[in-house]
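# Breakdown of the fold
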Amino acid sequence: MLKQFLIDKGFQQPPYTTSREFMDALSRALGPQWQPMLDDFFWKITLFDNRMTDATAKKLPDGKYEVTMKVHAGKVYVDGKGKETAGKIDFPIKIGVFAAPEGAGQEGKPLYLAKRTVADGDSTITVTVDGKPALAGIDPYNELIDKVSSDNRHAVTVQ
């Protein structure tokens, strides 16, 4: 889409293209299922309230681990004066489970990392991973603009 847009508009004479034309082309290319995310990222002031409230794991007989995560997902829209209006989570959010770091200052290897549909408010997500989990997170790399990004990850308690 971007390549075609640049071919079509790259050496255009006046009137020049606008950001609105680019966003319309992007919207058409992405399709309707991604329109809410496009609106949130480009047309609205959107803040997220995602947090991992608990994470536990139990070792299975086959050596894998079943990880149960309690998460909270929320979204608000903010107007120019700071007034917040509740939004609805309407696109998948990354969920991750990580092994313990191998060295100081390093991050643990992802054992599970996938975008998942998450309900608004509190919910529970269970996944099975191949290695021993140490940390779990919702939007673990803080890709969304979160009101408090430090609570997106939580240590996993192995039972």
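Preceding this paragraph is the structure being described.
Before going into details, it helps to say that this report is about the structure given with it. All of these numbers come straight from a predicted model, not from anything done at the bench.

Running from N to C, helix α1 (residues 2-9) and helix α2 (residues 19-30) point in directions that differ by 140°, and their axes come no closer than 10 Å. Classified by the angle between their axes, α1 and α2 sit oblique to one another. Considering how the two elements wind past one another, α1 and α2 form a crossing that is right-handed. Seen from α1, the contacting residues are Leu2, Phe5 and Lys9; seen from α2, they are Glu21, Phe22 and Ala25.

This brings us to the side chain of Asp146. You can see Asp146 is positioned in the loop between β9 (135-138) and β10 (153-155). Despite its burial, Asp146 remains without a salt bridge, the nearest opposite charge being carried by Arg51 at 7.0 Å. Among the polar contacts made by the side chain of Asp146, one reaches the main-chain amide nitrogen of Asn50 at a distance of 3.3 Å.

Counted by the stated rule, this structure contains 9 salt bridges. Lys75 is paired through a salt bridge with Asp90; the nearest N and O atoms lie 2.9 Å apart. Residue Lys75 is located in strand β4 (residues 75-78), and its partner Asp90 is located in the loop between β5 (84-86) and β6 (93-98); the two are separated by 15 residues in the primary sequence. Overall, Lys75 belongs to the buried group, its relative accessible area being 3%. Overall, the relative accessible area of 35% leaves Asp90 in the partly exposed class.

As paired elements, strand β2 (residues 51-59) and strand β3 (residues 65-73) share 8 bridges and run antiparallel to each other. Paired with Asp54 across the strands is Lys70, a residue of β3. The turn joining β2 and β3, which pair antiparallel and follow one another in sequence, is formed by 5 residues; a positive phi near 90° is taken by Gly63. Bridge count between β2 and strand β11 (residues 157-158): 2 bridges; the pairing is parallel. Paired with Thr56 across the bridge in β11 is Thr157.

How each quantity is defined
- Residues numbered from 1 in each chain as written.
- Predicted model: local features only at pLDDT ≥ 70, side-chain atom pairs only at ≥ 80, totals over all residues.
- Heavy atoms only, no water.
- Axes fitted to C-alpha atoms, helices over the stretch in contact; angles between N-to-C directions.
- Helix = DSSP H or I, 4+ residues; strand = E, 2+ residues; numbered from the N terminus.
- Parallel < 35°, antiparallel > 145°, perpendicular 65-115°, else oblique.
- Left-handed = near helix turned anticlockwise from the far one by under 90°.
- Contact = heavy atoms within 4.5 Å.
- Buried < 20%, exposed > 50% of the residue type's maximum accessible area, 1.4 Å probe, protein only.
- Lys, Arg positive; Asp, Glu negative; His and termini not counted.
- Salt bridge = Lys/Arg side-chain N within 4 Å of Asp/Glu carboxyl O.
- Polar contact = N/O pair within 3.5 Å; in protein donor to acceptor, adjacent residues only side chain to side chain.
- Pairing = 2+ DSSP bridges.

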